[in-house]
Amino acid sequence: MPLKQPILTKRIPTPPWGDPADRKLVTLDHFLETGATTRYAKRSSSTPKPSSTSSKPASCVAEAAQGSPRA
Amino acid sequence: MKWSFLPPEDGDRRYLAVNADEAEPGTFKDRMLIDFDPHILLEGIAICMHACRIDTAYIYIRGEYHAQAKTLQRAVDEAYEYNVFGKDSFLGKINSLAPHCYIHRGAGAYVCGEETALLESLEGKRGWPRIKPPFPAIAGAFARPTIINNVETIAMVGPIVQHGPDWFKSMGTQRPEDAPPTVPASFGPKLFGVSGHVNRPGVYEDELGIKLSTLIETHCGGMRNGKKFKAAIPGGIAMGILGTDQYDAVLDFDVGKKYNCLGLGTAGVIVMDQDTDMVAVTRNIIRFLAHESCGQCTPCREGTTWMYKTLSRIEAGDGTSKDLDLLLELAGSMGAMPGTTICGLADGANWAVRTILNKFRPDFEARVRKHRYVSLSTAGVR
């Protein structure tokens with residue numbers, strides 16, 4: 001399924017939704033006008049819980065090098 | 001997922017390190033985000049710091065990104081003025097933290113894109129990968145718990161918070177029901193940076209699971225000059241290669257197992273047409289990796305150098321058929337035993353050489369045979 005609308009490139013004109021020639025730097029004002037305000041507001045109204053109550057035990061010792069496919 | 005690895009708070013500092021050290025050849029998606037929409041990254045950083053109760057974030061940006069570092073610094077200054085960061089941050093009023101965000105410029109080392117080498121560099125040391133464990137979430141920057149995420153990952157946090165995880169999971173590909181747990185699901189959108197022999201190279205956003213052929217024909221306007229597709233590197237030169245018969249490869253996180261390459265990597269797709277010299281491609285990849293090897297691990301330091309010498313010999317027409325087997329043996333000894341090197345650079349060199357040589361062996365054999373014929377003739381042997 002092709003993407004219906006741009007997400008990360010919402011403000012960066014990218015084919016097929018926009019022309020790269022129209023790209024310009026998004027300032028904070030423009031960013032807030034185009035949907036960020038709700039996210040900042042949503043974020044600032046919630047208080048995070050402690051990230052975890054106990055650390056996870058290590059499940060791998062001398063693990064394969066980064067990027068190696070796991071069996 | 002990395003966020004959940006953080007240990008319980010102990011009252012001391014925890015860090016977020018954003019990996020903007022985008023040095024993988026053919027990869028330029030993070031650069032586009034920083035160039036044009038840096039606040040989507042800063043918003044993600046702020047949310048991450050709030051969620052994980054982190055008060056210090058570093059954006060480790062590639063040394064060669066001069067203009068991007070300036071753009072990002074201006075955006076950070078704007079965010080401070082808006083009280084996203086700083087002692088008067090509206091976040092700080094909620095969780096009693098004063099979040100700060102700093103930009104740290106790298107010095108041009110490819111290996112510093114590896115997360116623990118990044119941390120070493122961040123601490124002012126030589127950019128060498130660390131042995132894991134301990135993992136950065138337990139002992140990262142300055143021996144404190146640290147989250148390390150890529151620019152694209154952090155930039156995606158804001159939209160996910162806004163729309164929810166179900167929205168995110170509605171995009172991409174599901175894990176097949178009968179698949180083993182090792183087969184990953186590939187949710188969400190992805191930035192594909194396409195370069196090489198296509199009509200319109202650039203960064204394109206689409207769902208994970210898009211076919212390579214669709215990416216090339218729909219987004220990139222097809223192959224350049226109407227030539228035929230020969231090969232593509234799915235995401236960074238260390239990922240191996242997709243062969244001519246894999247034009248319809250599905251680009252998701254399972255691409256490695258399905259098409260015999262290392263993985264999707266950075267999704268920086270390098271497309272090659274029918275005229276591409278695969279020997280030159282391989283030599284160029286290994287030249288880069290040999291140059292960028294940090295030198296800590298013998299298999300990587302010596303292996304990449306020997307492979308570069310061997311490939312240079314083959315490309316110059318001085319190779320023999322034995323050199324092809326030697327290359328495979330070298331590649332195998334570097335990556336066949338996972339864990340023999342500290343980071344994945346040696347593995348990447350192994351996959352690049354092994355998959356290109358296996359999938360395009362006739363290209364190599366033709367080069368070797370031609371040389372032998374010429375050399376024997378030159379020597380007067382009949």
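Residues numbered from 1 in each chain as written. Chains lettered and ligands numbered in written order. Predicted model: local features only at pLDDT ≥ 70, side-chain atom pairs only at ≥ 80, totals over all residues. Heavy atoms only, no water.

Participant: So what's going on with unusual backbone geometry? Residues and values would help.
Facilitator: Working note: non-glycine residues mostly have negative phi, and peptide bonds are mostly trans. For the bond running from Pro15 of chain A to Pro16 of chain A, omega is 5°, close enough to zero to count as cis. The omega angle of the peptide bond from Pro133 of chain B to Pro134 of chain B is 5°, so this bond is cis rather than trans. At Ala143 of chain B, a position not held by glycine, the phi torsion is positive, near 65°. Considering the arrangement of structural elements, one finds Ala143 of chain B in the loop between helix H5 (115–122) and strand S4 (146–150). Of note, Asn225 of chain B is a non-glycine position whose phi angle comes to about 60°, a positive value. By secondary structure assignment, the location of Asn225 of chain B is in the loop between helix H9 (212–219) and strand S10 (229–233). (Helix = DSSP H or I, 4+ residues; strand = E, 2+ residues; numbered from the N terminus.)

Participant: So what about the nonpolar core? Which residues, and what values?
Facilitator: Within the largest apolar cluster, 48 residues are counted, with the highest numbers of intra-cluster contacts made by Leu16, Leu41, Leu42, Ile45, Ile59 and Phe85 of chain B. Within the residue set of this core, elements represented by two or more residues are helix H1 (28–44) of chain A together with strand S1 (15–20), helix H1 (29–36), helix H2 (38–51), strand S2 (56–61), helix H3 (66–81) and helix H6 (151–155) of chain B. With 39 residues, the next largest nonpolar core counts Ala23, Met278, Met307 and Ala352 of chain B among its residues. (Core = buried A, V, L, I, M, F, W, Y, C linked by side-chain atoms within 4.5 Å. Buried < 20%, exposed > 50% of the residue type's maximum accessible area, 1.4 Å probe, protein only.)

Participant: Explain the confidence of the model for chain A to me, and be specific about the residues and the numbers.
Facilitator: Per-residue pLDDT for chain A has a mean of 72; in total, 49% of the residues score no lower than 70. Contacts from residues 60–64 of chain A, a stretch scored under 50 in pLDDT, to residues over four places away or in other chains number 8 contacts. (pLDDT = per-residue confidence, 0-100. Contact = heavy atoms within 4.5 Å.)

Participant: How would you sum up the sheet that holds S4 of chain B? Please name residues and give values.
Facilitator: All names here are of chain B. Spatial ordering of the open sheet is given by S3-S2-S1-S4, a layout of 4 strands whose pairing is parallel. Of all strands in the sheet, those bounded by a partner on one side alone are strand S3 (100–105) and S4. Strand-to-strand twist across the sheet, computed as the mean angle between neighbouring axes with direction ignored, equals 20°. With 6 bridges connecting them, S2 and S3 associate as parallel partners. Within the sheet, the bridge partner assigned to Thr56 lies in S3 and is His100. Those strands touched by H5 are S1, S2, S3 and S4, and its axis lies near 105° from that of S2. (Pairing = 2+ DSSP bridges. Axes fitted to C-alpha atoms, helices over the stretch in contact; angles between N-to-C directions.)

Participant: Give a description of the packing of aromatic side chains that names residues and reports values.
Facilitator: Residue and element names in this part refer to chain B. Evaluated as defined, the whole model comprises 7 aromatic pairs over all chains. Ring centres of Tyr15 and Phe142 lie 5.5 Å apart, and the angle between their planes is 50°; on these two criteria the pair is classed as tilted. Highlighted residues: Tyr15 in strand S1 and Phe142 in the loop between H5 and S4, separated in sequence by 127 residues. With a centroid separation of 4.7 Å and an interplanar angle of 35°, the aromatic rings of Phe229 and Tyr247 are classed as tilted. Of the two residues, Phe229 sits in strand S10 while Tyr247 sits in the loop between S10 and strand S11 (250–251), which places them 18 residues apart along the sequence. Since its relative accessible area comes to 10%, Phe229 is described here as buried. By the ring-pair criterion, three or more aromatic residues cluster together here, those being Tyr15, Tyr58, Tyr102 and Phe142. The ring of Trp306 carries Lys309 above its face, with NZ or CZ at 4.9 Å from the centroid. (Phe/Tyr/Trp six-rings, centres within 6.5 Å; stacked < 30°, edge-to-face > 60°. Lys NZ or Arg CZ within 6 Å of the ring centre and 35° of its normal.)

Participant: Tell me about the sheet that holds strand S12 (residues 268–273) of chain B, and please be specific about residues and values.
Facilitator: Residues and elements named next belong to chain B. Overall, mixed pairing links the 4 strands, which are arranged S8-S7-S12-S10 in an open sheet. Two strands close off the open sheet at either side, each with one partner strand: strand S8 (202–207) and S10. Sheet twist, expressed as the average angle between the axes of neighbouring strands with direction ignored, equals 30°. Where S10 lies against S12, 4 bridges are found, and the strand directions are antiparallel. The partner of Ala231 across the bridge, within S12, is Met272.

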